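Descriptive structure summary
Each chain, letter by letter, is given below.
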Amino acid sequence: MSENPLQLLFQGFSKVSACIQTNLSHFIPRREEPSSALSTNKTPLITLSAADHLRQPGEILNKGKSSGPTTKEELGRATWTFLHTLAAQYPEKPTRQQKKDVKELMAILSRMYPCKECADHFKEVIRANPVQAGSQDEFSHWLCHVHNVVNRSLGKLVFPCERVDARWGKLECEQRACDLQGTTMDFKSESQ
Ligand SMILES: Cc1cc2nc3c(=O)[nH]c(=O)nc-3n(C[C@H](O)[C@H](O)[C@H](O)COP(=O)(O)OP(=O)(O)OC[C@H]3O[C@@H](n4cnc5c(N)ncnc54)[C@H](O)[C@@H]3O)c2cc1C
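Residues numbered from 1 in each chain as written. Predicted model: local features only at pLDDT ≥ 70, side-chain atom pairs only at ≥ 80, totals over all residues. Heavy atoms only, no water.

Remarks on the UniProt feature "domain: ERV/ALR sulfhydryl oxidase" (unreviewed entry) in the chain
- The UniProt record marks residues 67-168 with the feature "domain: ERV/ALR sulfhydryl oxidase" (unreviewed entry), using the residue numbering of this structure.
- The distance separating the terminal C-alpha atoms of residues 67-168 is 27 Å; by composition the span is 69% helix and 0% strand. (UniProt positions renumbered as here; feature names shortened; annotations may be inferred. Helix = DSSP H or I, 4+ residues; strand = E, 2+ residues; numbered from the N terminus.)

Examining the packing of aromatic side chains
- Using the criterion set out here, one finds three aromatic pairs in the structure.
- Centroid distance phenylalanine 139 to tryptophan 142: 6.0 Å. Interplanar angle 10°. Geometry classified as stacked. Here phenylalanine 139 and its partner tryptophan 142 are both found in helix α7 (residues 136-153), three residues apart, which amounts to about one turn of the helix. There is no split in this pair, since phenylalanine 139 and tryptophan 142 are both buried.
- Three or more aromatic residues joined by ring pairs form one cluster here, namely Tyr90, Phe139 and Trp142.
- Seen from the ring of tryptophan 168, arginine 167 lies directly overhead, with NZ or CZ sitting 3.9 Å from the centre. (Phe/Tyr/Trp six-rings, centres within 6.5 Å; stacked < 30°, edge-to-face > 60°. Buried < 20%, exposed > 50% of the residue type's maximum accessible area, 1.4 Å probe, protein only. Lys NZ or Arg CZ within 6 Å of the ring centre and 35° of its normal.)

Some points on the state of the cysteines
- Counted according to the given criterion, the structure contains three disulfides.
- Covalent S-S linkage joins cysteine 144 and cysteine 161, the inter-sulfur distance amounting to 2.0 Å. Torsion about the S-S bond of the cysteine 144 and cysteine 161 cystine: about -95°, corresponding to left-handed handedness. Within this pair, whereas cysteine 144 is found in helix α7, its partner cysteine 161 is found in the loop between α7 and α8 (164-167), the two being separated by 17 residues in sequence.
- You can call cysteine 144 buried: its relative accessible area is 2%.
- By relative accessible area, which is 17% here, cysteine 161 ends up buried. (Disulfide = S-S within 2.5 Å.)

Brief notes about the pattern of salt bridges
- Throughout the structure, instances matching the rule amount to five salt bridges.
- Between glutamate 117 and lysine 72 there is a salt bridge; the shortest N-O distance is 2.3 Å. Here lysine 72 lies in helix α4 (residues 72-89) and glutamate 117 lies in helix α6 (residues 116-128), a separation of 45 residues in the sequence.
- A residue is classified by how much of its surface remains accessible, and glutamate 117, at 51% relative accessible area, is exposed.
- Overall, lysine 72 belongs to the partly exposed group, its relative accessible area being 41%.
- Here aspartate 179 and lysine 170 are joined by a salt bridge, their closest N and O atoms 3.4 Å apart.
- Residue lysine 170 is classed as partly exposed on the basis of its relative accessible area, which comes to 44%.
- Several salt bridges converge on common partners, so that one network encompasses Lys170, Arg176 and Asp179. (Salt bridge = Lys/Arg side-chain N within 4 Å of Asp/Glu carboxyl O.)

Points about α4
- In a regular helix each residue adds 1.5 Å, so 18 residues correspond to 26 Å; α4 covers 26 Å between its end C-alpha atoms and thus fits that length.
- Here α4 has its buried residues at Gly76, Thr79, Trp80, Leu83, His84, Thr85, Ala87, Ala88 and Gln89. (Expected span 1.5 Å × (residues − 1).)

Here's the deal with the site of the ligand
- Taken together, 22 residues are adjacent to the ligand, and Arg77, Cys144, His147, Arg167 and Trp168 come closest.
- Residue asparagine 148 places a side-chain N or O atom 2.9 Å away from a nitrogen atom belonging to the ligand.
- Between lysine 156 and the ligand, the recorded distance is 3.0 Å, taken from a side-chain N or O atom to an oxygen atom.
- In isolation the ligand has 950 Å² of accessible area, and contact with the protein removes 85% of it.
- For the shell around the ligand, the secondary structure elements donating two or more residues are α4, α6, α7 and α8.
- Looking at the shell around the ligand, the element that brings in the most residues is α4, giving seven residues.
- Of the residues in the shell around the ligand, the class split is 10 nonpolar, seven polar and five charged. (Near = heavy atom within 4 Å. Polar contact = N/O pair within 3.5 Å; in protein donor to acceptor, adjacent residues only side chain to side chain. Areas by Shrake-Rupley, 256 points an atom, 1.4 Å probe, with all protein chains shown as cover. Nonpolar A, V, L, I, M, F, W, Y, C, P; charged D, E, K, R; others polar.)

Encoded structure:
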């Protein structure tokens, strides 16, 4: 039976793709591994999609961002996206542990954010504005407020916090499988 010419074309394309991956992986430095692991590990270090064949090698390695080191602005936008998405998904009734976790996360950010001047400034911001994370609404509005404190210090426009839920939503995830589970119990005795 004669094969479909398109099928033959795709088979040829797959072979070329596998060959490019194997050869390209030789040019990418890898972490120290025991020599036995190196000799047996056949998994390519990167995988390429069909569209990647149209890109330059440098573009493939920096997929999704402009080439060159990450700027303070890119880092800031990515971090605020992470934080506001976290706040949008924060439970209506968080557990004691979840409240503790977000406070710790902010404290860690103020020590380890990879821009020292930003981290130092953020430390002052959260000292003056202690984390409020008693509910989803409280946490997302607190975050909006501290983001505005940073905005003001950089001469940026202040964001209207009543629109924070419209700007930042929960992560798109099938059947809300990404949602954090809170508690249905009412911890009235808790101080925060
Ligand atoms: C913790 C932290 C501290 C930082 N400190 C400094 C610093 O000291 N010096 C410095 O130069 N840079 C700092 N940055 C980076 C800075 O805040 C910006 O991220 C960066 O300048 C890029 O700004 P942008 O205009 O693209 O928007 P961003 O401020 O990054 O905001 C991203 C998007 O969030 C939305 N948004 C804006 N304000 C709010 C808000 N209040 N609530 C909800 N959504 C909002 C807007 O749609 C905006 O486009 C810090 C970032 C973080 C995460």
